[in-house]
Protein chains: 2
Amino acid sequence: MPAFQGANMAKQVATNITWHEGDVTREEREGLLGHKGATLWMTGLSGSGKSTIAVALEQVLLKSSVSAYRLDGDNIRHGLNKNLGFSADDRAENIRRVGEVAKLFADACVVAITSFISPYAKDRDLVRKLHADAQLPFIEVYVKCPLAVAEDRDPKGLYKKARAALAAGKGMNFTGIDDPYEEPVNAELVIDTSATSVEEAVRILLAALRKQSVLPA
Amino acid sequence: MPAFQGANMAKQVATNITWHEGDVTREEREGLLGHKGATLWMTGLSGSGKSTIAVALEQVLLKSSVSAYRLDGDNIRHGLNKNLGFSADDRAENIRRVGEVAKLFADACVVAITSFISPYAKDRDLVRKLHADAQLPFIEVYVKCPLAVAEDRDPKGLYKKARAALAAGKGMNFTGIDDPYEEPVNAELVIDTSATSVEEAVRILLAALRKQSVLPA
């Protein structure tokens, strides 16, 4: 574990309580915690498998003492973003805020794993830029799955609802049914869950984290 | 390091890659990372010493391999909250969002250390409730300092600006000058920085974290 560098910066104020002026640098933080932070941005249709992969990856990372945290509709839409609806503006603001929070986690040396459909390229590109500007690793993961397969899985019954709403003439703006999903064209990773096991998906993600030096090789 | 519990929950899918259905419980996460999360909410006048204490505490925690992260105007106002101004509503929303983000960090087993003037009791109480509802440790720290002392320190020259604006008949709604600071009445800790060293403040905060079992005794 490296100590804080720079004898004239460090103040020894008492046994075990030393600090230096100003922010902890990112390198100091990484050295003290043993790994870097990053954002793994999972995008894909409802039912594509984003959450399943995120849950498995988070557990594998934590078991290696790598701090990881999932951001998803459950902990965001009922908290930070509970004052947002589903208008076009609110959807964009939803993704922007998630991107900013993921960036904070990555800066804190946590592997942030986001699971949001995030269907619009413009919103995803904004989040990518936030990370690039802060020189933080950003890995866009297109969790790819044919609509028919996702709709057949329908883990939350949302496709059924969306089809019923559409049939009744009341659109839900549901991605894949009556709202577009813009496929990523520059994603770092594409995982086709109709042909990839969860185990294999986790291996692919771990390899990507090693490649970006987020985890030791 | 405890393994995930429950033989029939765990799926051994391959060497080193195992997980169970559903969320990692908070207890599992705490066991794997070796400490709990918490929010230390520092409130006080501009110049009271919130940031100085936060910087020192963060470093001391990180050096003990306790994940800690500061949230302050620098990383929030230019990022997550850059679409907020300084109207009464926007100030309240600023603190609400910071509170929600701190809660996410605490849930992720990070010690979130916030440094915001947060002058209104109503806003601070809302953040306290968010944490209580989620059963996460929340420690309100009133960083107390006589206005005359804070104004004399004036590390960012803001009091000078506020006094000049007031003299010119243009108020800035600056806390302590032409906007009120509502002193906390139920803060877990009160640290008077006109009579307490940074070292002593850090000791007090570490003791509070131990008392709430965030850190091992």
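The following paragraphs examine the structure supplied in this document. (Residues numbered from 1 in each chain as written. Chains lettered and ligands numbered in written order. Predicted model: local features only at pLDDT ≥ 70, side-chain atom pairs only at ≥ 80, totals over all residues. Heavy atoms only, no water.)

1. Details of the packing of helix α2 (residues 50-63) of chain B against helix α8 (residues 198-211) of chain B
Residues and elements named next belong to chain B. Packing of α2 against α8 brings their axes to within 9 Å, and their N-to-C directions diverge by 60°. With respect to each other, α2 and α8 are oriented oblique. Here α2 runs over α8; the crossing is right-handed. Here Thr52, Ile53, Ala56, Leu57, Val60 and Leu61 of α2 come into contact with α8, specifically with Val198, Ala201, Val202, Leu205, Leu206 and Leu209. (Axes fitted to C-alpha atoms, helices over the stretch in contact; angles between N-to-C directions. Helix = DSSP H or I, 4+ residues; strand = E, 2+ residues; numbered from the N terminus. Parallel < 35°, antiparallel > 145°, perpendicular 65-115°, else oblique. Left-handed = near helix turned anticlockwise from the far one by under 90°. Contact = heavy atoms within 4.5 Å.)

2. Description of the environment of alanine 68 of chain A
Mapped onto the elements, alanine 68 of chain A comes out in strand β4 (residues 68-72). Along the chain, alanine 68 of chain A and glycine 47 of chain A lie 21 residues apart, while their C-alpha atoms are 23 Å from each other. When neighbours within four sequence positions are excluded, alanine 68 of chain A is seen to be in contact with Glu58, Leu61, Leu62, Val110, Val111 and Ile113 of chain A together with Arg29 of chain B.

3. Side note on the packing of aromatic side chains
The relative placement of two aromatic rings is captured by the distance of their centres and the angle of their planes. The tally for this structure, following the rule as stated, stands at 9 aromatic pairs over all chains. A centroid spacing of 5.7 Å and a plane angle of 25° characterise the contact between tyrosine 142 of chain A and tyrosine 181 of chain A, whose relative ring orientation is stacked. Taken together, the residues tyrosine 142 of chain A in strand β6 (residues 138-144) and tyrosine 181 of chain A in the loop between α7 (158-167) and β7 (189-192) connect sequence positions 39 residues apart. Taking the relative accessible area as the measure of exposure, tyrosine 181 of chain A reaches 14% and is therefore buried. Residues tyrosine 159 of chain A and phenylalanine 174 of chain A carry aromatic rings whose centres are separated by 5.1 Å and whose planes lie at 85° to one another, so their mutual orientation is edge-to-face. With a gap of 15 residues between them, tyrosine 159 of chain A in helix α7 and phenylalanine 174 of chain A in the loop between α7 and β7 connect regions that are remote in the sequence. Each member of the pair, tyrosine 159 of chain A as well as phenylalanine 174 of chain A, carries the same accessibility label: buried. Connected via pairs of aromatic rings, a cluster forms that spans Tyr69 and Phe105 of chain A together with Tyr69 and Phe105 of chain B. Cation over ring: arginine 77 of chain A sits above phenylalanine 86 of chain A, and NZ or CZ is 4.1 Å from the ring centre. (Phe/Tyr/Trp six-rings, centres within 6.5 Å; stacked < 30°, edge-to-face > 60°. Buried < 20%, exposed > 50% of the residue type's maximum accessible area, 1.4 Å probe, protein only. Lys NZ or Arg CZ within 6 Å of the ring centre and 35° of its normal.)

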